[in-house]
Amino acid sequence: MPENTRDVLNPPARVISSSAKRTKSTTPPPLSSPPTSYPSSPITETLTSNDIQNNSQAPSGSINRAITRNDSQSSLNNSSNSSIPVNSNSTHASNNNTNASNILSSSPSQPPQPPNVTRRSSFGLNFLSSFTNSIRTGHPPSPTENPHSFMSNSPTIANLSSFATLEDELIAPNGNSRGHQPRSRRNSSRQSNRLSNSQGPHSNGHGADHPITQQESPSSNNAFDESHDQVTTPNGIVENNGARDGRNDSISNGIDKDGFYSVRLTPLIDHSSSASGLYFSPVIRKIKPSSNISIGRYTEKNKAAAHAPQGSSAPIVFKSKVVSRTHALFQCNEDGQWFLRDCKSSSGTFLNHIRLSPASQESTLMPLIDGDIIQLGMDYRGGTEEVYRCVKMRCEFNKSWQRKVNQFNLEIHKKLKNLQINNEDNEDSRLVTNPITGSSTNVDDLAECAICLMKIEPCQALFISPCSHAWHYKCIRPIIIKSYPQFYCPNCRTMCDLETDLDEDD
Amino acid sequence: MSKIPRNFKLLEELEKGEKGLGAESISYGLTNQDDITMTYWNGTILGPPHSTHENRIYSLTIICDESYPDKPPKVKFISKINLPCVDNAGNVVVSEFDTLKNWKRNYTMETVLLELRKSMASPANKKLAQPAEGSTF
Amino acid sequence: MAALPKRIIKETERLVSDPVPGITAIPKEDNLRHFEVFIDGPSSSPYAGGHFSLELFLPDDYPMCAPKVRFLTKIYHPNIDKLGRICLDVLKDNWSPALQIRTILLSIQALLGAPNPDDPLANDVAEDWKKDEKKAIETAQSWTKQYASAKLQE
C-alpha cells in the first residue's frame, strides 16, 4: 500500500476498530495492563454482524472492503484540506485531528502534554486499534512498541497528582473550550509521546495510533467549531457534532435531545477468575452539563436509586460492603467531558488500576474517556460472599455505546440472509421429510428468530449454527449452553458439534 | 410466576402421584380414572411411627372443586381417627388445620396429606387414644 | 403476574390474524397463557365431523419447554387417554422452541388423522385398535358423534 495513503486510511478506523473491539478476545490482550480481564466466553460465542464478515471471509478481505468504502469519504475530507472550512463540519473534524496530531507528533516535547500522556498510555483499546491498523497497513505490530511505551510511562502517584493539578487548572479558567480539548490533545499527544519513547519512531506508529484520536475525541471538533460558529449552548454542540459525523449522528454527539450527557457502566466480569468483581446489570445514567452524580453503597435510604430506570439521574449504588456510602462521584462539564473524584472513600477508588487517593482523602477530579476501568474498593478477604467484592466496571460516555446501522452493517446483514437462503435451498429436501418442523421453516421465516419471533436485524448479536440457521444469541444461548458442545438445531433438528476443528479444507 | 390453571396443576399432581415421585408415607390418586374434571381424589396416610397411629393406614377423600387451587380442597377422613382438627364426621376442619386455613396456591394435595401426618405425629397428638383399627366414619 | 413475553403476544396475534383452517385458539381473559382450543376432526379420519374442545397452557419457561395440551372432549384414540392427555413426541422429548402453538395444534390434528396404536397412551384403546381396527374405527366414529358433535356444543 502506498505510503501516502496511510493518512487517508485513518478515518475508517471507526469501523475497523469497532469490529476489532468486539472480537478482541481473539486478539492478544493488551500487554500493558495484565490485571485487565475481558469477559471472554460471551464474546467468543457471540457473533455480531461485523464478526460474521470476518468469519465468512478472509480477514484481509473484510478489512479492505471497509477501507475502500471509507476511502471515498476520507479522501473527500482530504481534498478540502487546504480550503478554508466553511460549512462542512466533518471536514473540520478530520483536518483538525490530523493536523493536531501531526504537529504534536513532530514536536513531542511541547507542553502541556507530558503528564496527560502517562495515564492514557496504559489503556488497552489503544493497543487494539493500533493492532488492527498494522494489519491493515501490512506491517506487523512492533512487538516492543506497546509494552514499551507503557513501561516507560508507568504512572506513579507522584506524576499523577501533578497531572491532576494541571488538568484542573486547564479546566478551571476556561472550562468551555478547554474541557473537551484536553481529550483530543491527550490522545494525540499520547501517541507522540509513545513515539518518542519507543526509540526511533516506527514507520507505522503514527498511522497506527491515529484512529483512536479520531474515534475517541468527538469533541475535538467542538473547540474548532466554536471558534467559527460561536455556538456555546449544549444544543449547538449537538448540531455541530452531529454534522461532523453525518453518517451516524447519535454516536458521537454525546449530548442528547433534552440536553443530558450520559454514562454507561458495565461490570468487568471474568468468569474464569475467582477475583471477579461484583456483578451488576449495566447502569446508564444521564445528567445535565455541569452537574454531578454520586457513587456509593446501597443503603435503605437510597433504595429507590437501586431500582431507578436506565437513563435517570439517580445516584449510582452498589450492593457491596467495600463501597463507602459516599464513595466517589462523576462530574460532567459543559462540554460533556466526564470526570471522576474519590470522595474520601475508605477503600479507595481506582482508575485503570491506579488508586486516586489514600483512604479517607478526597482526590482531584480525574478526566475520563471511553473504556476507562474504574474499581471501587478492594475485595474484602474476610468473606467470600458477593457483598464483599469490589466493584470493577468499564465506563463509556455520551452514548458512545450506541451503534447505528451503517452501510457496512446492512451489507453484512444482506449477505447473511443470502447465506441462509442458499442453504435452505439445499436443505429443502431434508426439511420436507419432517413435516412438523418443516412447517415452521420457510424462506419467509428467515428474517425472524424462531425463538422470539422477532426480526433478525443488523447490529444484533446473532448465533449461526453449522446448518446455517440463525437466532439472536440471547434467545439461543440457553440451548447452546444446555448441551454444549453438542448443538441440536431447533429449526431443522440437525445435531452439530460446536467444537469441530475448523479445517479450511473442509 | 404465571398462574398455572387448575386442570394443568391437577394433571401435574396426578402425574406425580401416579409415578410415585412424592413422599413414600402418603399416596393419592383419582377416585375414578375417567373423571375428566379431576374433582374426586383418594388419599392414604401411613401412620407415623412412635405414635398411636403406627402401622395404621388412613384413607381419605379429597375434593378439588372448580375453585381449586385458589381455595383449599375439601378433605375428609374415611378411616376413623381421633385428631383435634377432624370433626365427628371425619371432615378436616379448615379453621383447625393451618394448611387449609392459610392455604397458598402452590400447595398441593401432597402438602395437605404430609401436614396431616405431621399433625398426627406432633407431641400433642401422638399419644391420643385411637378408635379400633379399620373402623370408618 | 409477570408481563407476557413478546413471543406469546406475537403468537396470539397471528393465531387471530392468520387462523389455521379447522383450528381455533383463543386465550382466556383471566390468564393469557391459558387457551381455549377447538380442533375439527380431519375429514378422512374416524373423527370427521367432530368438533373437539381442548385446553392449552404455556408454562413459565415456554418456549424452552413445550405447551401443555389436553382434550376436554371425550375421544376414542390410542394416543389420547381418558383424561384427554395426549401422547405426542413433539409435546415431550421432541419439543423444539422453533415450534409454536400453531404447529403443535396442527400436529395434534395430524395425530387424529393417523392414530398410532404402537405407541399408545390409552392401552385398552390401543389393544382394541390392534385386535380389530374396523371395530375400533367404528367406536371412534360413534364417540365422535356422541361427544364431539358441533351441534351438541352450540
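Scoring rules and cut-offs
- Residues numbered from 1 in each chain as written.
- Chains lettered and ligands numbered in written order.
- Predicted model: local features only at pLDDT ≥ 70, side-chain atom pairs only at ≥ 80, totals over all residues.
- Helix = DSSP H or I, 4+ residues; strand = E, 2+ residues; numbered from the N terminus.
- Buried ≥ 20, exposed ≤ 12 C-beta atoms within 10 Å, placed from the backbone.
- Contact = placed C-beta atoms within 7 Å.
- Nonpolar A, V, L, I, M, F, W, Y, C, P; charged D, E, K, R; others polar.
- Pairing = 2+ DSSP bridges.
- Expected span 1.5 Å × (residues − 1).
- pLDDT = per-residue confidence, 0-100.
- Arc of directions from axis to C-beta.
- Core = buried A, V, L, I, M, F, W, Y, C linked by C-beta atoms within 7 Å.

Trainee: How would you sum up the overall build of chain B? Please name residues and give values.
Mentor: Along the backbone of chain B there are three helices and four strands. Each of the 137 residues in chain B was classed as buried or not, and the buried ones make up 30%. For chain B, the proportion of contacts with a sequence separation of at least 24, taken over those separated by at least 6, is 48%.

Trainee: Just give me the short version of the overall build of chain C, but keep the residues and values in it.
Mentor: Along its length, chain C carries five helices and four strands. Written out in order from the N terminus, the α and β elements of chain C read α-β-β-β-β-α-α-α-α. Out of the 154 residues in chain C, the part that is buried amounts to 43%. Pairs at least 24 residues apart make up 53% of the contacts formed inside chain C by residues separated by at least 6 positions.

Trainee: An account of the interface of chain A and chain C is requested, with residue identities and associated values reported.
Mentor: With 13 residues of chain A at the interface, the matching set in chain C holds 15 residues. Here the side of chain A that touches chain C is built from residues that sort into eight nonpolar, four polar and one charged.

Trainee: Hey, could you go over unusual backbone geometry for me, with residue numbers and the actual values?
Mentor: Along the chain, Tyr484(A) connects to Pro485(A) via a cis peptide bond; the corresponding omega equals 5°. Within the secondary structure, Pro485(A) is located in the loop between helix H20 (473–483) and strand S14 (486–488). For the bond running from Tyr62(C) to Pro63(C), omega is 10°, close enough to zero to count as cis. Along the chain, Pro63(C) turns up in the loop between strand S3 (51–57) and strand S4 (68–71). Its identity as a non-glycine residue notwithstanding, Met38(B) has a phi of 55°, on the positive side. Mapped onto the secondary structure, Met38(B) falls in the loop between strand S1 (26–30) and strand S2 (40–46).

Trainee: For the sheet that holds strand S5 (residues 328–332) of chain A, give the residues involved together with the corresponding values.
Mentor: Residues and elements named next belong to chain A. Strand order across the open sheet formed by five strands is S4-S3-S5-S6-S9, with mixed pairing between neighbours. This sheet does not close on itself; its edge strands, each paired only once, are strand S4 (316–318) and strand S9 (366–367). Sheet topology note: the strand S3 (residues 291–297)/S4 ladder contains three bridges and is parallel. Residue pairing for S4: arginine 297 is matched across the bridge by phenylalanine 318.

Trainee: Could you give an account of the pairing of S3(A), naming the residues involved and the relevant values?
Mentor: Relative to S5(A), S3(A) runs antiparallel, the two sharing five bridges. Along S5(A), the bridge assignment pairs Asn292(A) with Gln331(A).

Trainee: Could you give an account of the interface of chain C and chain B, naming the residues involved and the relevant values?
Mentor: Across the boundary between the two partners, chain C contributes 16 residues, which contact twelve residues of chain B. Mapped by element, the contributors of at least two residues to the side of chain C that touches chain B are strand S2 (31–40), S3 and S4 of chain C. When residues in the side of chain C that touches chain B are grouped by element, the largest group, three residues, is from S2(C). Here the side of chain C that touches chain B is composed, by residue class, of five nonpolar, three polar and eight charged.

Trainee: Which residues make up helix H1 (residues 6–18) of chain B, and what are the values?
Mentor: Along its 13 residues, H1(B) runs 18 Å from first to last C-alpha, staying within 8% of the 18 Å computed at 1.5 Å per residue. Residues of H1(B) that are buried make contact with S1 and helix H3 (109–121) of chain B together with S3 of chain C. A positive phi of about 65° marks Gly20(B), the residue just after H1(B).

Trainee: Lay out the confidence of the model for chain C with the relevant residues and their values.
Mentor: The predicted coordinates ought not to be read in detail in places where the model reports low pLDDT. For chain C, the average pLDDT comes to 91, and 95% of its residues sit at 70 or higher. Here the complex is predicted with pTM 0.61, and the ipTM for its interfaces comes to 0.88.

Trainee: Help me get a handle on the sheet that holds strand S2 (residues 283–287) of chain A, residues and values and all.
Mentor: All names here are of chain A. Taking strand neighbours across the sheet as the criterion, the six strands line up as S2-S1-S11-S10-S7-S8 in an open arrangement whose pairing is antiparallel. Looking at which strands have only one partner, the edges of the open sheet turn out to be S2 and strand S8 (354–355). Note: strand S1 (residues 261–267) against strand S11 (residues 391–397), five bridges, orientation antiparallel. Following the sheet pairing, proline 267 is matched in S11 by methionine 393.

Trainee: Describe the environment of Lys321(A), naming the residues involved and giving the relevant values.
Mentor: Residues and elements named next belong to chain A. Within the secondary structure layout, lysine 321 lies in the loop between S4 and S5. Owing to 20 C-beta atoms within 10 Å, lysine 321 belongs among the buried residues under this scheme. For the pair lysine 321 and tyrosine 380, spaced 59 residues apart in the sequence, the C-alpha separation amounts to 8.4 Å. If we ignore the near neighbours within four places in the chain, the residues touching lysine 321 are Tyr380, Val387 and Tyr388.

Trainee: Outline H20(A), supporting the account with residue identities and numerical values.
Mentor: Residues and elements named next belong to chain A. Cys475, Ile476 and Ile479 are the residues of H20 that are buried. In a view along the axis of H20, the buried residues occupy a sector of 65°, so they form one face of it. Turned more than 90 degrees from where H20 packs its buried face, Pro478 and Ile481 sit exposed. Tucked inside the fold, the buried residues of H20 contact strand S12 (462–464) and strand S13 (470–472).

Trainee: Could you give me a rundown of the nonpolar core, with the residues and numbers involved?
Mentor: Judged by nonpolar contacts, the single largest core of 54 residues is most densely connected at Trp471(A), Leu56(C), Leu105(C) and Ile108(C). Looking at this core element by element, the count peaks at seven residues for helix H2 (residues 101–113) of chain C. With 37 residues, the next largest nonpolar core counts Phe330(A), Trp338(A), Leu376(A) and Val391(A) among its residues.

Trainee: How would you sum up the environment of Leu498(A)? Please name residues and give values.
Mentor: All names here are of chain A. Counting through the fold element by element, leucine 498 comes out in the segment after strand S15 (495–497). Taking the C-alpha atoms as reference, leucine 498 lies 8.0 Å from proline 466; in sequence the two are 32 residues apart. Residues within four places of leucine 498 in sequence aside, it is in contact with Tyr484, Pro485 and Phe487.

Trainee: Tell me about the environment of Ile9(C), and name the residues and values.
Mentor: Residue and element names in this part refer to chain C. Locating isoleucine 9 in the fold gives a position in helix H1 (residues 6–17). With 14 C-beta atoms packed within 10 Å, isoleucine 9 lands in the partly exposed category. Separated by 24 residues in sequence, isoleucine 9 and arginine 33 have C-alpha atoms that sit 9.6 Å apart.

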